[in-house]
Amino acid sequence: MDEASEAGYTFEITNLIGKEVYTMKGIRVGKVTDIVLDFDKNQIHGLFIMDSNDKLVKNGDPISIPYNYVKSIGDIVILKSFPDLMHI
């Protein structure tokens, strides 16, 4: 069972595509361009961002953010945590 089901609500995972992703400090990480799925566990594994913020990710490289980093989903996605600078 995923976190959304445990919380008593469901959503279409395709609605995540195009959502802006922010850190808890309000820093934009990027826009979700794809979803990484774990078909064996029937869960979302991560959120893929093609053009990430180059202040957070070296060269603005593409990244996959583990889904367990997600704090909340609404009009935007807010992360529980994110490293100060990622080197890929």
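Throughout what follows, the structure given in this document is the object of discussion. (Residues numbered from 1 in each chain as written. Predicted model: local features only at pLDDT ≥ 70, side-chain atom pairs only at ≥ 80, totals over all residues. Heavy atoms only, no water.)

**A few points about the overall build of the protein**
Here is the rule: Under the DSSP-based scheme used, a helix requires at least four consecutive residues in state H or I and a strand at least two consecutive residues in state E, with every element numbered from the N terminus. Each residue gets one of three labels from its accessible area relative to the maximum for its type: buried under 20%, exposed over 50%, partly exposed in between, using a 1.4 Å probe on protein chains only. The method behind every accessible area is Shrake-Rupley, applied with a 1.4 Å probe, and residues are considered shielded solely by the protein chains displayed.
The helix and strand inventory of the protein stands at one helix and six strands. Listed by position from the N terminus, the elements making up the protein come as α-β-β-β-β-β-β. For the protein, the residues scored as buried account for 30% of the 88 residues in total. Entry remark: accessible area of the protein is about 5800 Å², with carbon and sulfur atoms responsible for 50%.

**What to know about the side chain of Lys-19**
Put simply, the rule is: When charges are counted, Lys and Arg are positive and Asp and Glu negative, with His and the chain ends excluded. Note on definitions: salt bridges are taken to be side-chain nitrogens of Lys or Arg within 4 Å of carboxyl oxygens of Asp or Glu. N or O atoms within 3.5 Å of each other form a polar contact, as long as, within protein, one can give a hydrogen and the other can take it, and as long as residues adjacent in sequence are counted only when both atoms are side-chain atoms.
Within the secondary structure, Lys-19 sits in the loop between α1 (3-6) and β1 (20-22). With no salt bridge to any partner, buried Lys-19 finds its closest opposite charge in Asp-75, at an N-O distance of 5.3 Å. A polar side-chain atom of Lys-19 sits 2.7 Å from the main-chain carbonyl oxygen of Gly-74.

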